[in-house]
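Architecture and fold: a report
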Amino acid sequence: MYNLLTNYQRIFQICKDSLNHYLVSNHNFTAYRYPAKMSDLEVISLSITAEVLGIGSENLLFSILKTDYKSKFPHLIHRTNYNRRRRKLQPYISQVAQRIGQLIDPQPSLYILDSIPLPICQPIRIPKCKINKNDSECLPSRGYHASHKQYYYGDRRADLSCK
C-alpha cells in the first residue's frame, strides 16, 4: 500500500502510543519559544513514513507532499527545518523504529539478513586464501557480482554462522 496519508496516520498513532510519556505539550518534546507549525511527533511520523515507503530523498518527499497531499498537510514546514528537527529527534525515531519492529516480529531471536555477496578476496589471490578452507559447510565459492561487474571469491549465503 503506497498511500502516504494512510501510512502516516498509522505510524503517527504508533508514535503517539510509544512516546506519550516523553511529550510536554501539543505533541512536542520541548517547549518552543514560538509555536511550531509541525509538532515533533508529526516530524517523527513523517520521517518514518518516508523511510517505510522507500522515499530516500527529502526533495522527492516534499514534492509529493506539496503536489498530491497539499490539503492534507497544511502546516508543512520548510525542508531545511524538517531536516534540522529530524536530526535533533533521531533518538526518538530510533525508539519508535524498535517499537515498530517489535510489532512486526515479537520474537527478537529472529533476524532478517540480506543475501548480498560477501567477497573474501579477488580472484587472483584465491590459491593463497586460507579463510574457511577447513570447514566444508562454509567453503567459499566463486561468483559474479552484477551491479559491481566484478568476479569475486567469497560467500553468497544469508546465514553466515561459520567461524
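Scroll up to find the structure.
Residues numbered from 1 in each chain as written. Predicted model: local features only at pLDDT ≥ 70, side-chain atom pairs only at ≥ 80, totals over all residues. Heavy atoms only, no water.

As a further point, take the packing of helix α2 (residues 40–52) against helix α5 (residues 90–104). Geometrically, a packed helix pair is captured by the angle between its two axes and the distance between the axes. It is the contact of α2 with α5, at a shortest axis distance of 10 Å, that shows an interaxial angle of 55°. Here α2 is positioned oblique relative to α5, judged by the angle of their axes. Here α2 runs over α5; the crossing is right-handed. Of the residues in α5, those in contact with I44, S47 and I48 of α2 are Y92, I93, V96 and I100. Residues that form the contact of α2 with α5 fall into these classes: 6 nonpolar, 1 polar and no charged. (Axes fitted to C-alpha atoms, helices over the stretch in contact; angles between N-to-C directions. Helix = DSSP H or I, 4+ residues; strand = E, 2+ residues; numbered from the N terminus. Parallel < 35°, antiparallel > 145°, perpendicular 65-115°, else oblique. Left-handed = near helix turned anticlockwise from the far one by under 90°. Contact = heavy atoms within 4.5 Å. Nonpolar A, V, L, I, M, F, W, Y, C, P; charged D, E, K, R; others polar.)

With antiparallel pairing, 3 strands are arranged side by side in an open sheet as β1-β3-β2. Both outer strands of the open sheet, β1 (118–121) and β2 (141–145), are each paired with one neighbouring strand and no more. Averaged over neighbouring strand pairs, the angle between their axes works out to 65° when direction is ignored. Here β1 pairs with strand β3 (residues 150–155) via 3 bridges, running antiparallel. Looking across to β3, one finds that C121 is bridged to Y153. (Pairing = 2+ DSSP bridges.)

Our focus in this paragraph is the pairing of β2. Of the strand pairs in this sheet, β2 and β3 are connected by 5 bridges, and their pairing is antiparallel. Considered in β3, the bridge of Y144 is made with Y151. Count of turn residues in the β2/β3 antiparallel hairpin: 4 residues, of which K149 carries a positive phi of about 55°.

Attention now goes to the nonpolar core. Formed by 31 residues in total, the largest nonpolar core has its most connected members in L4, I44, L46, I48, L61, L65 and F73. Of all elements in the fold, only α1 (4–19), α2, α3 (58–67) and α5 reach the threshold of two or more residues within this core. Looking at this core, the element that brings in the most residues is α1, giving 7 residues. Look past the residues within four positions of I48 in its chain and what remains in contact with it is I11, C15, I93, V96 and I100. (Core = buried A, V, L, I, M, F, W, Y, C linked by side-chain atoms within 4.5 Å. Buried < 20%, exposed > 50% of the residue type's maximum accessible area, 1.4 Å probe, protein only.)

In short, the description is geometric, and any link to function would need to be established separately.
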